[in-house]
Amino acid sequence: MEEPLPPPLPLPQAAPPPAPPDTAAPAASLDGEPEAEAAPEWNIPPNAPACMERHLERAHYRADGALLLGVSGLNGRCWTGSLWVFAEPRRAPSEGFCTAGVQTEAGVADVCWLADRGILVASDSGAVELWELEENESLIVNKFCKYEHDDIVTSVSVLAGSTQAVSGGRDFCVKVWDIPEQTVLHSYRAHSDAVTCVASCPGKDTVFLSCAEDNRILLWDTRCPKPATRIVCSACNYLPTSVMWHPQKSDIFVVGDESGTVALVDTKNPDSALSTAVHTRAITGFAFSAHSSPLLASISEDCSVAVLDSDLSEVFRNRSHRDFVKGLSWSPSDDALLTTVGWDHQVLHHTVPLPAGEASGINCVKE
């Protein structure tokens, strides 16, 4: 007789699913105290691009310390751009820590604040654009985009009073804008080559400067029948690349040229200009500090940042940038803090010695 087969083995039972975690109470630390929830590290606002382009073009502080960045992407077949606002400037250029950001249709050649919420843009597309912060400053909204230039708009500057602005472009033209009406009031073609910079005069809403690759510096007053007067300065032997008015002296301005020379020029006596060779390549921008005797910061294509006193003597130098330095601005909350940006995608915060010679700590902080 055959032996009966053994009974089949019981199938293994599946493990019961784990109980859902109790989400009502936070996890406890080793000492029994609830752990604080980690703050979000990546919180891009609505409409802000997910990624910032490489080439940082401009940086400007607002009176409350918010930092505005104008950025371009100059790689590939299509140049793109973007605008970014950081309530905490030392977080820049990390996209996740911006207050607001927006993509532009082309590269950003120049940008500046207009009053508290307006942002005026010079575009590679030939347009002058006005953007504005809305929704508790988490959104940047376009207000107008006017294609009045026939080539890249290289520079914009808001005139005193904040209702008018001036722009210059590679189409040789200088244009004066009525911002509330969104129209061009005056269009001038006094230069015979690309305009490289325009600069408004503090306290005078009809006076500004322009310089161009025709080797001319023009002083403008739109009240005059012939508004442009050429300033001939013997200290400037190369093409001027940047101009800026002195913040306290309406007859004095500073000019930088393609050789790296910086000159302080008196419009009443241009031949008496004080000049010195500060950089070894073209000057790309200036900024005066808010001190009683303002310091002058200059940046250049030689990748360096220099700060000069009223005699154009060097008081500070930094060479941490690894590509063209393109934008700079003094902090409104710290007279010794200078911020610079460049095509190397760095935002550097420099602590500059005060005019009285007081030591100011760390010379450069990379964010």
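Note that the structure is predicted; figures quoted are calculated from it, not measured.

Reading the values: rules and limits
- Residues numbered from 1 in each chain as written.
- Predicted model: local features only at pLDDT ≥ 70, side-chain atom pairs only at ≥ 80, totals over all residues.
- Heavy atoms only, no water.
- Salt bridge = Lys/Arg side-chain N within 4 Å of Asp/Glu carboxyl O.
- Helix = DSSP H or I, 4+ residues; strand = E, 2+ residues; numbered from the N terminus.
- Buried < 20%, exposed > 50% of the residue type's maximum accessible area, 1.4 Å probe, protein only.
- Contact = heavy atoms within 4.5 Å.
- Pairing = 2+ DSSP bridges.
- Axes fitted to C-alpha atoms, helices over the stretch in contact; angles between N-to-C directions.
- Phe/Tyr/Trp six-rings, centres within 6.5 Å; stacked < 30°, edge-to-face > 60°.
- Lys NZ or Arg CZ within 6 Å of the ring centre and 35° of its normal.
- Core = buried A, V, L, I, M, F, W, Y, C linked by side-chain atoms within 4.5 Å.

A. Summary view of the pattern of salt bridges. Applying the stated criterion across every chain, the model contains eleven salt bridges. For Glu137, the salt bridge goes to Arg62, with nearest N and O atoms at 3.0 Å. You can see Glu137 sitting in the loop between strand 7 (128-134) and strand 8 (139-146) and its partner Arg62 sitting in the loop between strand 1 (55-61) and strand 2 (67-73), a full 75 residues away along the chain. Residue Glu137 is classed as partly exposed on the basis of its relative accessible area, which comes to 24%. Residues Arg91 and Glu88 are paired through a salt bridge, measuring 3.7 Å at the closest nitrogen-oxygen approach. Relative accessible area serves as the criterion here: at 38%, Arg91 is assigned to the partly exposed category.

B. Quick look at the environment of Ile119. Residue placement: Ile119 occurs in strand 6 (residues 118-123). Owing to a relative accessible area of 0%, Ile119 belongs among the buried residues under this scheme. What Ile119 contacts, discounting residues up to four positions off in sequence, is Leu68, Leu83, Val85, Val111, Cys112, Trp113, Leu114, Glu129, Leu130, Trp131 and Ile140.

C. Layout of the sheet that holds strand 13 (residues 195-201). Pairing is antiparallel across the open sheet formed by four strands, whose spatial order is 13-14-15-16. The sheet is open, and its two edges are formed by strand 13 and strand 16 (228-231), each paired on a single side. On average, adjacent strands in this sheet sit at an angle of 25 degrees to one another, irrespective of strand direction. Here strand 15 (residues 217-221) runs beside strand 16; their pairing, made up of four bridges, is antiparallel.

D. Up close: the packing of aromatic side chains. A full pass over the atoms with the stated rule returns five aromatic pairs. On the numbers, 4.8 Å between centres and 40 degrees between planes, the contact of Tyr188 with Trp220 is tilted. Of this pair, Tyr188 sits in strand 12 (residues 183-188) while Trp220 sits in strand 15, and the two are 32 residues apart along the sequence. Each member of the pair, Tyr188 as well as Trp220, carries the same accessibility label: buried. When the ring of Phe208 is compared with that of Trp220, the centres are 5.5 Å apart and the planes differ by 10 degrees; the resulting orientation is stacked. Taken together, the residues Phe208 in strand 14 (residues 204-212) and Trp220 in strand 15 connect sequence positions twelve residues apart. Pairwise contacts between aromatic rings join Tyr188, Phe208 and Trp220 into one cluster. Against the face of Trp113 rests Arg62, its NZ or CZ located 4.9 Å from the ring centre. Above the plane of the ring of Phe97 lies Arg91, whose end atom (NZ or CZ) is 4.3 Å from the centre.

E. Broad picture of the pairing of strand 15. Within strand 15, four of the five residues are buried, which leaves the element mostly enclosed by the surrounding structure. Bridge analysis of strand 14 against strand 15 gives five bridges, and the strand direction is antiparallel. Paired with Val207 across the strands is Asp221, a residue of strand 15. Linking strand 14 back to strand 15 in an antiparallel pair, the connection comprises four residues, with Asn215 at a positive phi of about 70 degrees. Counted along the chain from strand 15 to the antiparallel partner strand 16, the turn is six residues long.

F. Quick peek at the pairing of strand 18 (residues 252-257). Burial runs high along strand 18: six of the six residues are buried. Burial along strand 18 is two-sided: Ile252, Val254 and Gly256 facing one way and Phe253, Val255 and Asp257 facing the other are all buried. Following strand 17 (residues 240-245), the chain reverses through six residues before pairing antiparallel with strand 18. By the bridge criterion, five bridges tie strand 18 to strand 19 (residues 261-266) in an arrangement that is antiparallel. Its bridge partner lying in strand 19, Gly256 is registered against Val262. The hairpin turn running from strand 18 into strand 19, its antiparallel successor, is three residues long, and Gly260 in that turn takes a positive phi close to 100 degrees.

G. How the structure looks around the nonpolar core. Grouped together as the largest cluster of nonpolar side chains are 18 residues, with contacts concentrated most on Val243, Trp245, Phe253, Val255 and Val265. Once you skip the residues sitting within four places of it in the chain, Val255 turns out to touch Ile217, Cys236, Pro240, Ser242, Val243, Thr261, Val262, Ala263, Val265 and Phe286. Membership of the second largest hydrophobic core comes to 15 residues, among which are Ala48, Ala59, Val71 and Leu337.

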